[in-house]
Amino acid sequence: MIFDIPGTGKITIENVLLDYNGTLAVDGRLLKGVKEKINALSNTVSVHVITADTFGSVENALEGTSCRVVVIPGQHQDRAKLDYLQQLGPEKTLCAGNGVNDRLMLKAAALGIAVLREEGTAVCALTAADILVSHILDVFAYFENPDRLVACLRN
């Protein structure tokens with residue numbers, strides 16, 4: 001997927017790397033509509049979900065979903081997420097997250113999107129991101145209607 005942002009240029013996204021708790025899920029429960037959006041998006045880009053799986057629910061919640069689920073250790077989560085992003089290629093990856101442990105990947109990604117849900121958004125994650133949205137479904141909508149992203153980021 002190519003986004004042509006006036007004043008910035010073209011951004012090619014091949015991967016989407018998503019945090020789970022606080023971004024795709026609240027209290028370990030997947031938000032309504034997310035599974036369907038991931039499956040639709042996976043026809044265009046490679047979708048990855050990365051998490052320490054605080055509630056132990058990610059595997060069941062995303063069963064049958066067209067994405068790669070990566071469970072990371074409980075320590076140094078910020079580095080683990082950044083390391084995974086580095087493997088994917090930050091210059092071609094959009095990341096979405098909300099926590100302190102997401103800040104490094106949000107900053108390094110071609111596009112970093114902070115998501116504000118019930119869990120909240122860490123200020124350092126917000127300042128590391130390019131965009132703040134109020135729901136993860138807004139991130140999927142950028143792929144369905146790229147002009148929304150262009151309107152937000154154009155210079």
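The structure displayed is predicted, hence computed values, not measured ones.

(A) Region of interest: the pairing of strand S9 (residues 111-115). Buried residues dominate S9, accounting for 5 of its 5 residues. Where strand S8 (residues 93-97) and S9 come together, 4 bridges link them in parallel fashion. By the bridge assignment for S9, Gly97 is matched with Ala114. Note that the unit made of S8, helix H4 (residues 103-108) and S9 has a crossover that is right-handed.

(B) Structural view of the side chain of Asp53. When you line up the elements, Asp53 lands in the loop between strand S6 (46-51) and helix H2 (58-61). Although buried, Asp53 forms no salt bridge, and the nearest oppositely charged side chain, Lys81, lies 11 Å from it. Engagement of the side chain of Asp53 in a polar contact is seen with the backbone nitrogen of Ser57, the distance being 3.0 Å. At 3.1 Å, the side chain of Asp53 and the backbone nitrogen of Val58 are in polar contact. Residues in contact with Asp53, not counting those within four places in the same chain, are Asn21, Val58 and Val71.

(C) Here's a closer look at the packing of aromatic side chains. What the rule picks out here adds up to 1 aromatic pair. Ring centres 5.5 Å apart and planes at 65 degrees place the aromatic pair Phe3 and Phe143 in the edge-to-face group. In this pair, Phe3 is assigned in strand S1 (residues 2-5) and Phe143 in helix H6 (residues 136-144), connecting sequence segments 140 residues apart. Looking at Phe143, the relative accessible area reads 11%, which means it is buried.

(D) Representation of the sheet that holds strand S10 (residues 131-133). As summarised here, the arrangement of the 6 strands in space is S7-S6-S3-S8-S9-S10, forming an open sheet in which the pairing is parallel. Each of the sheet's edge strands pairs with one partner strand only, and the pair in question is strand S7 (68-71) and S10. Geometrically, the sheet is characterised by an average inter-axis angle of 20 degrees between neighbouring strands, direction not taken into account. Pairing of S9 with S10 involves 3 bridges; the strand directions are parallel. Within the sheet, the bridge partner assigned to Ala114 lies in S10 and is Leu132. Contacts from helix H3 (residues 77-88) reach strand S3 (15-19), S6, S7 and S8, with the element oriented near 170 degrees to S3.

What counts and what doesn't
- Residues numbered from 1 in each chain as written.
- Predicted model: local features only at pLDDT ≥ 70, side-chain atom pairs only at ≥ 80, totals over all residues.
- Heavy atoms only, no water.
- Buried < 20%, exposed > 50% of the residue type's maximum accessible area, 1.4 Å probe, protein only.
- Helix = DSSP H or I, 4+ residues; strand = E, 2+ residues; numbered from the N terminus.
- Pairing = 2+ DSSP bridges.
- Right-handed = clockwise from strand over helix to strand, strands pointing away.
- Lys, Arg positive; Asp, Glu negative; His and termini not counted.
- Salt bridge = Lys/Arg side-chain N within 4 Å of Asp/Glu carboxyl O.
- Polar contact = N/O pair within 3.5 Å; in protein donor to acceptor, adjacent residues only side chain to side chain.
- Contact = heavy atoms within 4.5 Å.
- Phe/Tyr/Trp six-rings, centres within 6.5 Å; stacked < 30°, edge-to-face > 60°.
- Axes fitted to C-alpha atoms, helices over the stretch in contact; angles between N-to-C directions.

These results come straight from atomic positions and should not be treated as a statement about function.
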